[in-house]
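Breakdown of the fold
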Amino acid sequence: MTMSRTLSPLSLVRGLMFGVFVFWGCETSDLGTVDSAGLPPYADAAAVRPDTVKLRTLTPTNGVYAITALAQVRVAATEQGKDVTGATVTIYAPGSANEVTTATLRDDGVSPDTTAGDLRFTGTVRFSATITQAGAYRARFVLTGAAGLESNLLERVLFVDRDNNAPVIASIIAPDTVDLSSDTLKIGMAARAIDADGPTDVKEVYFRSLDSSDPNNKFYLLDNGDVRNGDAVKGDSLYSIIIVLPPNPALKKTYRFAFQAADTYGDTSATVIHRLTVR
């Protein structure tokens, strides 16, 4: 005679709990067994030497300077720090997310690294720059662990310095007085901007209307040879703009326009004020 056995609710729950325990203890997935104990390495110090390169101490080739610096990142002296498989430093252009170069850093005692296994990864950074590309370059350090995990990021600044000459607004070409009639009025204005570091060092030329509702708003003049903005010759250092006034009697007054130029280094010219009377 065959006897049947009925599982109690408590026994069923215990069986399910055991199955769940076994399942999660294995930590398997479609990718295989996962090691939850893996930790990324940790970088606790970094440096670029020298942190400032002065272009006047270098000799350019066809206007291009060769920049060289030593980069080093230190791994925290922990167990996971000893499992570092790689280290790199990436250089970014001033004020930009554009990568300039990437260098591999090593801890093998081969120059420029001095001592193998001391958890200090060292390498040489090399890139080229023109005088207009001077500025604060970002150096971003990252380590890679044995499991492919990346460390925290450390950033340092490599400043490429130059003896900069600020741009100059040499002249303004614009009317002093215009008559506003029943038609839309177009007014051409131009400013000659020069820079002792070369015409390509002029980054922008603009004016601000000091008597407007937003005196900080910039109106940009262009030197692109486009007659639509009043420019006749591209690259002649004469920056032009056309402003349009609708036939509104409320616009009849004297305006103050503050002209200024800025270079690629971030320096600005002295402000030149031009007054225009609309009658």
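Described below are features of the structure shown in this document. (Residues numbered from 1 in each chain as written. Predicted model: local features only at pLDDT ≥ 70, side-chain atom pairs only at ≥ 80, totals over all residues. Heavy atoms only, no water.)

**Thoughts on the overall build of the chain**
Scanning the chain for helices and strands turns up one helix and 18 strands. Per-residue burial for the chain yields a buried fraction of 33% across its 279 residues. When contacts within the chain are restricted to residue pairs at least 6 apart in sequence, those whose partners lie at least 24 apart make up 62%. (Helix = DSSP H or I, 4+ residues; strand = E, 2+ residues; numbered from the N terminus. Buried < 20%, exposed > 50% of the residue type's maximum accessible area, 1.4 Å probe, protein only. Contact = heavy atoms within 4.5 Å.)

**With respect to the sheet that holds strand E12 (residues 177–178)**
The sheet built from five strands is open, its strands ordered E12-E18-E17-E14-E15 with mixed pairing. Unpaired on one side and paired on the other, E12 and strand E15 (219–221) mark the two borders of the sheet. The pairing of strand E14 (residues 202–209) with strand E17 (residues 254–263) spans seven bridges and is antiparallel. Its bridge partner lying in E17, Val-202 is registered against Asp-263. (Pairing = 2+ DSSP bridges.)

**Re the packing of aromatic side chains**
Applying the stated criterion to the full structure yields six aromatic pairs. For the pair Phe-207 and Phe-257, a centre-to-centre distance of 4.9 Å together with 65° between the ring planes defines the contact as edge-to-face. On the criterion of sequence distance, the pair formed by Phe-207 in strand E14 and Phe-257 in strand E17 is long-range, its members being 50 residues apart. Its relative accessible area of 2% is what places Phe-207 among the buried residues. Residue Phe-257 is classed as buried on the basis of its relative accessible area of 5%. The interplanar angle of 50° and the centroid separation of 5.3 Å between the aromatic rings of Phe-207 and Phe-259 together place this pair among those described as tilted. Here Phe-259 lies in strand E17 and Phe-207 lies in strand E14, a separation of 52 residues in the sequence. Across the pair, exposure class does not vary: Phe-207 and Phe-259 are buried alike. Aromatic rings pair up to connect Phe-207, Phe-219, Tyr-255, Phe-257 and Phe-259 into one cluster. (Phe/Tyr/Trp six-rings, centres within 6.5 Å; stacked < 30°, edge-to-face > 60°.)

**Observations regarding the sheet that holds strand E5 (residues 64–75)**
Strands sit in the order E3-E5-E8 across an open sheet of three strands; the sheet is antiparallel. Either end of the sheet is taken by a strand with one partner, and the two such strands are strand E3 (43–49) and strand E8 (120–130). Averaged over all pairs of adjacent strands, the angle between their axes in this sheet comes to 20°, without regard to strand direction. (Axes fitted to C-alpha atoms, helices over the stretch in contact; angles between N-to-C directions.)

**Some thoughts on the nonpolar core**
Grouped together as the largest cluster of nonpolar side chains are 30 residues, with contacts concentrated most on Ile-67, Val-73, Val-89, Leu-105, Phe-127 and Phe-141. Broken down by secondary-structure element, the contributors of at least two residues to this core are E3, E5, strand E6 (84–92), strand E7 (99–105), E8, strand E9 (135–145) and strand E10 (154–161). The element contributing the most residues to this core is E5, with six residues. Leave out the neighbours within four places in its chain, and Ile-67 touches Val-53, Leu-55, Leu-58, Val-125, Arg-126, Phe-127, Ala-129 and Val-160. Grouped together as the second largest cluster of nonpolar side chains are 22 residues, Ile-169, Leu-180, Ala-191 and Phe-257 included. (Core = buried A, V, L, I, M, F, W, Y, C linked by side-chain atoms within 4.5 Å.)

**Considerations on the pairing of E10**
A regular strand places its side chains so that they alternate between the two faces of the sheet. As paired strands, strand E4 (residues 52–54) and E10 are joined by three bridges and run parallel to one another. For Thr-52, the partnering residue across the bridge sits in E10 and is Phe-159. When E9 meets E10, the two strands line up antiparallel, connected through seven bridges. Bridge pairing links Ala-136 to Phe-159 in E10.

**Points about the layout of surface pockets**
In this structure, the largest pocket encloses a volume near 290 Å³. Considering the residues around the largest pocket, the lining is formed by 18 residues, among which Ser-209, Phe-219, Leu-245, Tyr-255 and Phe-257 are closest to the centre. When residues of the lining of the largest pocket are traced back to their parent elements, those giving at least two are E14, strand E16 (238–245), E17 and strand E18 (272–278). Per-element tally for the lining of the largest pocket: the top contributor is E16, with three residues. Residues that form the lining of the largest pocket fall into these classes: 11 nonpolar, four polar and three charged. (1 Å grid on protein atoms, 1.4 Å probe; cavity = no way out; pocket = protein on both sides within 12 Å on 5 of 7 lines; lining within 4 Å. Points joined across faces, edges and corners; volume = space filled by probe spheres on them. Nonpolar A, V, L, I, M, F, W, Y, C, P; charged D, E, K, R; others polar.)

**Describing the environment of Leu-55**
When you line up the elements, Leu-55 lands in the loop between E4 and E5. In the structure, Leu-55 is positioned 105 residues away from Val-160 in sequence and 7.0 Å away in space, judged by C-alpha atoms. Sequence-distant contacts of Leu-55, that is, excluding residues within four places in its chain, are made with Tyr-65, Ile-67, Thr-130, Ile-131, Ala-134, Val-160, Asp-161 and Arg-162.

**Quick word on the pattern of salt bridges**
If you walk through the whole model with that rule in mind, you get 12 salt bridges. Where Arg-56 meets Asp-163, a salt bridge forms, and the shortest distance between an N and an O atom there is 2.9 Å. Separated by 107 residues along the polypeptide, Arg-56 in the loop between E4 and E5 and Asp-163 in the loop between E10 and strand E11 (168–173) bring together distant segments of the chain. With its nearest N and O atoms 3.1 Å apart, the salt bridge here joins Arg-256 to Asp-211. Residue Arg-256 is located in strand E17, and its partner Asp-211 is located in the loop between E14 and E15; the two are separated by 45 residues in the primary sequence. Its relative accessible area of 32% is what places Arg-256 among the partly exposed residues. Counted as one network, the salt bridges with shared partners bring together Arg-162, Asp-197, Asp-201 and Asp-263. (Salt bridge = Lys/Arg side-chain N within 4 Å of Asp/Glu carboxyl O.)

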